[in-house]
Amino acid sequence: RVLHANLQPKVAETYEPMQTRHAKNLVLDILNDPKNHQRHVMRYSASVIMSFTYGKISPTSYTDPEVVSINRFSAHFCQTMKPGAYLVDAYPILCFVPGYLSQLKAWHTEELAFYDGLLDTVRRQMCEGTATSPSFARFILEHQKQYQLEDAGLGYLAGVVSAAGYDTTASAITIMMMAAATHTDAQARIQEELDHVVGRMQLPMFTDQEVLPQVTAFILESLRWRPVTLGGLAHLANKDIIWKNYLIPEGVTVIGNHWAIANDPEVFPELQMFNPQRWIDDAGRVCSDLWFFTYGFGHW
C-alpha cells in the first residue's frame, strides 16, 4: 500500500519536474561527451532514483559511493535471480547444509546495512530540520504508524525501490539509443515529429506525449525489440491458479518469458523487423489494444 501511494500515476506526475531537470543534464552530458553515453545514462538513472528515494538534491556521480554500492547489489541480484543459479531452488533441503548459503547471507547483511544507513541519514535530517526535499524515505518515516510498518526492514523497503528502478531505467534508455543508432529511418521519422510538434528550441515535456504518437511507438517497439529483462523475473503462485485448463499449483515458480512474448509471431508479424508503425492504428494514434509489459505484469 505504501508503494502504491507513492507510485500511482497521479502521484508520479509530481516527479516530472525532477525528472526533467536531470534529463536536461543527461542531454548536455551526451552532447559534450558522446563516447561515454552509457555512463551518462547510468548517472542520470542514479540521480533520479536517489532524488526520489532519499531526496538527494546534490549532483549524483557514477563514482559516488552509493551508486557504486547499488551497482554491486544489482549485479548480485541478477546473479541470484538466474533460473538454476542455486540448487537450493530445486532442493530446498540444501538450506540446512551448514555454510551453503553463506555467500547469499553475507550479501543480504551488506545490503541491509547499506539501506538502513541511507534511511538513518534521512531520519537524522528530519530531526535536524534539514530534510527539505520530499522523498519516499521521508514518506515512510512520516507515515510509519499509518501503514503499520515495522522498524525491521524499513530501510530495505526504501532500498528495494532504488535498486529496482536504477538498472532497469538505464537499460531502457540505452536500448532506445541503440535502436535509434541502428534504425536511422525510424529515427528520422520521430525527429520529424519532434521538429513539427515541439520544435528545436526546447525539449519535449511529459504533457506533449499525447501529441507525439511516433515517439511513443518508437519507445514501445524498442522495448519489444530488446526487452529490458529478457527472461522476466520469477513469481511465486500464492494459491492454486486455473488458466486455460492448466493447473498452476500453489508454491510453484512462474516465469513470464519477456523475450518469447515479444517475439510471438501471432501478435507481432515480421517480428525480426524493427517496426514502430505496428503500434500505430489507422487514425495515426497509438493502438489502445496492444501494449507491452516492460516492467512486469502487475498483481496477478
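Sequence order sets the numbering: in each chain, residues are counted from 1 along the sequence as written. Only residues with pLDDT of at least 70 get local features here, since the model is predicted, and only at 80 or more are side-chain atom pairs given and counted; chain-wide, interface and lining totals rely on the full set of residues. The basis for the side-chain values is all heavy atoms of the structure; hydrogens and waters are excluded.

Engineer: Which residues make up the nonpolar core, and what values go with them?
Structural biologist: As used in this record, nonpolar core signifies buried Ala, Val, Leu, Ile, Met, Phe, Trp, Tyr and Cys residues forming a set joined through side-chain atoms within 4.5 Å. Categorising residues by exposure relies on relative accessible area from a 1.4 Å probe, with only protein chains included: less than 20% of the type maximum marks a residue as buried, more than 50% marks it as exposed, and the intermediate range marks it as partly exposed. Core analysis: the largest hydrophobic core is formed by 34 residues, its most contacted members being V2, Y54, F136, I140 and Y166. Counting from the N terminus, the helices are DSSP H or I runs at least four residues long and the strands are E runs at least two residues long. For this core, the secondary structure elements donating two or more residues are helix 1 (2–7), helix 3 (16–32), helix 4 (37–54), helix 5 (65–81), helix 6 (102–128), helix 7 (136–142) and helix 8 (154–182). Looking at this core element by element, the count peaks at nine residues for helix 4. Residues count as neighbours in contact if any of their non-hydrogen atoms are within 4.5 Å of one another. Not counting chain neighbours up to four residues away, the residues in contact with F136 comprise V2, L3, N6, F52, T53, L157, A158 and V161. Core analysis: the second largest hydrophobic core is formed by ten residues, A179, I190, V198 and L212 among them.

Engineer: Describe the environment of G153, naming the residues involved and giving the relevant values.
Structural biologist: By the secondary structure assignment, G153 is in the loop between helix 7 and helix 8. Separated by 37 residues in the primary sequence, G153 and D116 place their C-alpha atoms 8.3 Å from one another.

Engineer: I'd like a description of the packing of aromatic side chains, backed by residues and values.
Structural biologist: The geometry of an aromatic ring pair is captured by the separation of the ring centres together with the interplanar angle, meaning the angle of the planes. Under the pairing criterion, centres of Phe, Tyr and Trp rings, with the six-membered ring standing for Trp, must be within 6.5 Å; the plane angle then separates stacked pairs below 30 degrees from edge-to-face pairs above 60, leaving the rest tilted. Evaluation of the coordinates by the stated rule reveals ten aromatic pairs. Measuring from centroid to centroid gives 4.9 Å for Y15 and F52, while their planes differ by 70°, and the two rings are edge-to-face. Pair noted here: Y15 is in the loop between helix 2 (9–12) and helix 3 and F52 is in helix 4, with a separation of 37 residues, a long-range link. When sorted by exposure, Y15 lands in the same class as F52, which is buried.

Engineer: Give a detailed account of unusual backbone geometry, specifying residues and quantitative values.
Structural biologist: Of note, K244 is a non-glycine position whose phi angle comes to about 50°, a positive value. A positive phi angle is found at N245, which is not glycine, with a value near 70°. With respect to the secondary-structure elements, N245 resides in the loop between strand 2 (241–243) and strand 3 (246–248). Taking relative accessible area as the criterion, N245 reaches 82% and is therefore assigned exposed.

Engineer: Please provide a residue-by-residue account of the packing of helix 9 (residues 184–197) against helix 10 (residues 213–225), values included.
Structural biologist: Fitted lines through C-alpha atoms serve as axes, helices being fitted only where they are in contact, and the angles separating the N-to-C directions of these axes extend from 0 to 180 degrees. Orientation of helix 9 relative to helix 10, taken along the N-to-C sense of each, is 145°, at an axis distance of 8 Å. Between helix 9 and helix 10 lies a crossing whose hand is left-handed. Residue-level inspection shows A186, Q187, R189, I190, E193 and L194 of helix 9 in contact with helix 10, the latter providing P213, Q214, V215 and F218. Any residue that is not Ala, Val, Leu, Ile, Met, Phe, Trp, Tyr, Cys, Pro, Asp, Glu, Lys or Arg is counted as polar, Gly included; the first ten are nonpolar and the last four charged. When the residues that make up the contact of helix 9 with helix 10 are grouped by side-chain class, the tally is six nonpolar, two polar and two charged. Here a crossing is taken to be left-handed if its near helix is turned anticlockwise relative to the far helix by less than a right angle, and right-handed if that turn runs clockwise.

Engineer: Talk me through helix 6; I want residue IDs and the actual numbers.
Structural biologist: Under the 1.5 Å per step criterion, the end-to-end length of helix 6 is 39 Å for 27 residues, consistent within 8% with the ideal 39 Å. When we look at burial in helix 6, the residues that qualify are W107, E111, F114, Y115, L118, L119 and V122. Buried residues in helix 6 make contact with helix 4, helix 5, helix 7 and helix 8. One or two positions beyond helix 6, positive phi appears at G129, with a value near 80°. By definition here, a helix of n residues has an expected span of 1.5 Å times n minus one.

Engineer: Account for the environment of W225, naming residues and giving values.
Structural biologist: Relative to the elements of secondary structure, W225 occurs in helix 10. Sequence spacing of W225 and G199 is 26 residues, and the spatial spacing of their C-alpha atoms is 28 Å. Here W225 is in contact with I175, M178, A179, T182, H183, W259 and F274, once residues within four sequence places are set aside.

Engineer: Give a detailed account of the pattern of salt bridges, specifying residues and quantitative values.
Structural biologist: Every case where a carboxyl oxygen of Asp or Glu lies within 4 Å of a side-chain nitrogen of Lys or Arg is listed as a salt bridge. Scanning all chains against the criterion turns up eight salt bridges. Notably, a salt bridge pairs R72 with E110, separated by 2.7 Å at the nearest N-O pair. A residue pair is termed long-range when its members are at least 10 positions apart, and R72 in helix 5 and E110 in helix 6 qualify at 38 residues. Residue R72 is classed as partly exposed on the basis of its relative accessible area, which comes to 32%. Ionic pairing is found between E221 and R278, a salt bridge with its closest N-O pair at 3.1 Å. Taken together, the residues E221 in helix 10 and R278 in the segment after helix 11 (258–262) connect sequence positions 57 residues apart.

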